[in-house]
2 protein chains.
Amino acid sequence: MKASESVLAAMRQTNEVFDAEVVRKGNINELDRVYTANARILPPGAPMVEGRDQIKSFWQQAIAGLDVKNATLATEAADAVGDGVVEIGRADLTLGNGQSVTAKYVVCWRQEDGHWKWHVDIWNFNQ
Amino acid sequence: MKASESVLAAMRQTNEVFDAEVVRKGNINELDRVYTANARILPPGAPMVEGRDQIKSFWQQAIAGLDVKNATLATEAADAVGDGVVEIGRADLTLGNGQSVTAKYVVCWRQEDGHWKWHVDIWNFNQ
């Protein structure tokens, strides 16, 4: 079953926090609004990272290291599964040198304190 | 909520079909028992692949191209979510040249015709 329009709208808000606040302004603590407290991320080129504090450290280094200027996230599919949503999406990153990089991802969403957040987040690159 | 022991056992059976039948014996059609008919895979280094027939073509080429000799799959976490399961796991691949490669993955499981199968499958490598 597809996720409802209201859930999709809430998801877009969360995704926008990641792009506008975390990536573009460097407000790493805004990841509190993006990831659940016990979220897990599975980044390419690194081991799994567990827990929001560790995830903050990861993104701080990754955004600086890659010099990511913005990250546009687009949902390609979002299925409501139980009390969660499984999303397949695409991330277009712009780097400081002007290069563009496209990643695809799967995010398992959960509600935490009434907000939709990323609970499991894995991605890779097409090239 | 963690997946039940009986579901975990069914998942292990499916994972074993992938290793024993598909990878080690090259029986690509056994992927009928592994993936749902409209499954999607998100492989690193390639675009998303949709549908079991396309997935068979992908794996036929990938297994031959990388000369994968076996693929040991280990579940690290499996959460029951609605009528599905979200699994985080680790895959240890042995290649023809004796090299070992480790991948981590997220699989969203669904039941199809009473069998637990991979519905969304994404992975990447630590290095």
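Every value quoted in this text rests on a predicted model; they were computed, and no experiment measured them. (Residues numbered from 1 in each chain as written. Chains lettered and ligands numbered in written order. Predicted model: local features only at pLDDT ≥ 70, side-chain atom pairs only at ≥ 80, totals over all residues. Heavy atoms only, no water.)

Student: Explain the sheet that holds strand 5 (residues 100-112) of chain A residue by residue, including any values.
Tutor: Residue and element names in this part refer to chain A. The strand order across the open sheet formed by six strands is 2-1-6-5-4-3, and the pairing between neighbours is mixed. In the strand order of this sheet, the two ends are held by strand 2 (49-50) and strand 3 (68-81), each with one partner. Sheet topology note: the strand 1 (residues 35-42)/strand 6 (residues 115-125) ladder contains four bridges and is parallel. When the bridges of strand 6 are listed, Arg40 appears paired with Val120. (Pairing = 2+ DSSP bridges. Helix = DSSP H or I, 4+ residues; strand = E, 2+ residues; numbered from the N terminus.)

Student: Go over the environment of Asp92(A) with me, naming the residues and quoting the values.
Tutor: All names here are of chain A. Looking at where Asp92 falls in the secondary structure, it is placed in strand 4 (residues 84-95). Distance from Asp92 to Val23, taken between C-alpha atoms, is 12 Å for residues 69 residues apart in sequence. Side-chain polar atoms of Asp92 contact the side chain of Thr102, separated by 2.8 Å. (Polar contact = N/O pair within 3.5 Å; in protein donor to acceptor, adjacent residues only side chain to side chain.)

Student: How would you sum up helix 2 (residues 52-66) of chain A? Please name residues and give values.
Tutor: Residues and elements named next belong to chain A. Here helix 2 is 15 residues long and its end C-alpha atoms lie 20 Å apart, about the 21 Å a rise of 1.5 Å per residue gives. Among the residues of helix 2, those classed as buried are Arg52, Ile55, Lys56, Phe58, Trp59, Ala62 and Ile63. Burial along helix 2 is one-sided: seen end-on, the buried residues are contained in an arc of 165°. Turned more than 90 degrees away from the buried face of helix 2, the exposed residues are Asp53, Gln61, Ala64 and Gly65. Within two residues after helix 2, Asp67 carries a phi angle of roughly 55°, on the positive side. (Expected span 1.5 Å × (residues − 1). Buried < 20%, exposed > 50% of the residue type's maximum accessible area, 1.4 Å probe, protein only. Arc of directions from axis to C-beta.)

Student: Go over the relation of the copies chain A and chain B with me, naming the residues and quoting the values.
Tutor: Relating one copy of the chain to the other takes a rotation about an axis and a shift parallel to that axis. When chain A is fitted to chain B, the best match, at an RMSD of 0.0 Å, comes from turning it 180° and sliding it 0.0 Å along the axis. Look at the turn and shift together and you get a two-fold axis relating the two. Within chain A, Gly82(A) has its C-alpha nearest the rotation axis, a separation of 1.6 Å. Interface overlap between copies is the fraction of interface residues in one copy that are interface residues in the other; for chain A against chain B it reaches 100%, indicating a shared surface. (Least-squares fit on C-alpha atoms with pLDDT ≥ 70 in both. Contact = heavy atoms within 4.5 Å.)

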